[in-house]
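Structural features, examined
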Amino acid sequence: MFPQSGLGSLAAVALTTVATLASAAGAPLPSQSAFFLSRSENRNQVHYALRLDEDCRPVGTRPVQVYWRMLERGTSEVEELLGVEQPVYGLEDPQPVEATAEGWRVRVRLRAFPSRPIDITTARVGGNCQVQAWTKLGNSVCRLEHVFVKTSWPFSVDFVRLDGVGPEGQPVQELIRE
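Quantities reported herein were computed from a predicted structural model and do not represent experimental measurements.

A word on the state of the cysteines. What is meant by a disulfide is a covalent connection between two cysteines, made through their sulfur atoms. Within this structure, the stated rule accounts for one disulfide. There is a disulfide in this structure between C56 and C129, and the S-S distance comes to 2.0 Å. On the S-S bond that ties C56 to C129, the torsion sits near -95°, and the link is left-handed. Placement of C56 in the loop between β2 (45-50) and β3 (64-69) and of C129 in strand β8 (residues 128-137) is noted, with a sequence separation of 73 residues between them. Here C56 matches C129 in class, with each residue buried.

Okay, the environment of D53 next. By secondary structure assignment, the location of D53 is in the loop between β2 and β3. Discounting chain neighbours no more than four positions away, the residues touching D53 are V59 and C129.

By the secondary structure assignment, Q132 is in strand β8. Residues within four places of Q132 in sequence aside, it is in contact with A34, D119, I120, T121 and R143.

Moving on, we get to the environment of Q170. For Q170, the location among the structural elements is in the loop between β10 (156-165) and β11 (171-176). The spatial distance from the C-alpha of Q170 to the C-alpha of C142 is 9.7 Å, given a sequence separation of 28 residues. In this structure, Q170 is in contact with G164 and V165, ignoring residues within four places of it in sequence.

All right, on to the pattern of salt bridges then. Taken as a whole, this structure holds eleven salt bridges when the rule is applied. The partner of E72 in a salt bridge is R43, and the shortest N-O contact between them spans 3.6 Å. Placement of E72 in the loop between β3 and β4 (78-80) and of R43 in the loop between β1 (32-39) and β2 is noted, with a sequence separation of 29 residues between them. For the salt bridge of E79 with R73, the shortest nitrogen-to-oxygen distance reads 2.5 Å. Accessibility expressed as a relative area gives 1% for E79, which makes it buried. For R73, a relative accessible area of 48% gives the class partly exposed. It is possible to trace a salt-bridge network through shared partners that takes in R73, E77 and E79.

Conventions used here
- Residues numbered from 1 in each chain as written.
- Predicted model: local features only at pLDDT ≥ 70, side-chain atom pairs only at ≥ 80, totals over all residues.
- Heavy atoms only, no water.
- Disulfide = S-S within 2.5 Å.
- Helix = DSSP H or I, 4+ residues; strand = E, 2+ residues; numbered from the N terminus.
- Buried < 20%, exposed > 50% of the residue type's maximum accessible area, 1.4 Å probe, protein only.
- Contact = heavy atoms within 4.5 Å.
- Salt bridge = Lys/Arg side-chain N within 4 Å of Asp/Glu carboxyl O.

So this is what it looks like as structure tokens:
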């Protein structure tokens with residue numbers, strides 16, 4: 001379960017950042033988005049993407065990049081997170097990288113929800129790098145695709161919903177309420 005303080009922080013930042021986002025012109029678009037977060041206020045999304053080299057190996061000591069897709073302005077608009085957004089949408093250090101039999105794994109933790117680690121894996125599939133995120137949803141480890149945050153005015157979170165794919169390929173959701 002996510003700590004209550006995480007939901008409160010998420011609400012405060014989620015509702016205040018729309019008006020305060022600064023442009024990060026020229027922010028590079030990472031190789032592969034592993035999962036994304038959306039909020040009920042608008043269509044903009046926070047993406048968690050893995051920077052990869054040509055061999056599908058994670059690049060650097062902090063290979064997971066977090067950035068905004070500003071869909072309200074267009075499909076190609078991206079921005080970096082602001083400092084005020086880091087406590088909610090940012091990642092804790094470290095981001096350990098491990099070789100696996102299939103490729104590579106990077107373990108991350110959202111700062112707002114450090115008790116639920118997310119493993120981002122990469123492997124070469126059909127000549128392309130495949131990136132996926134994995135975490136516990138309900139009682140199983142599932143592929144995480146999307147985190148949805150339902151906010152309400154002023155500065156509160158009604159719920160957080162994790163959407164993924166279960167071990168048998170079935171859609172899985174976990175609803176988290178304060």
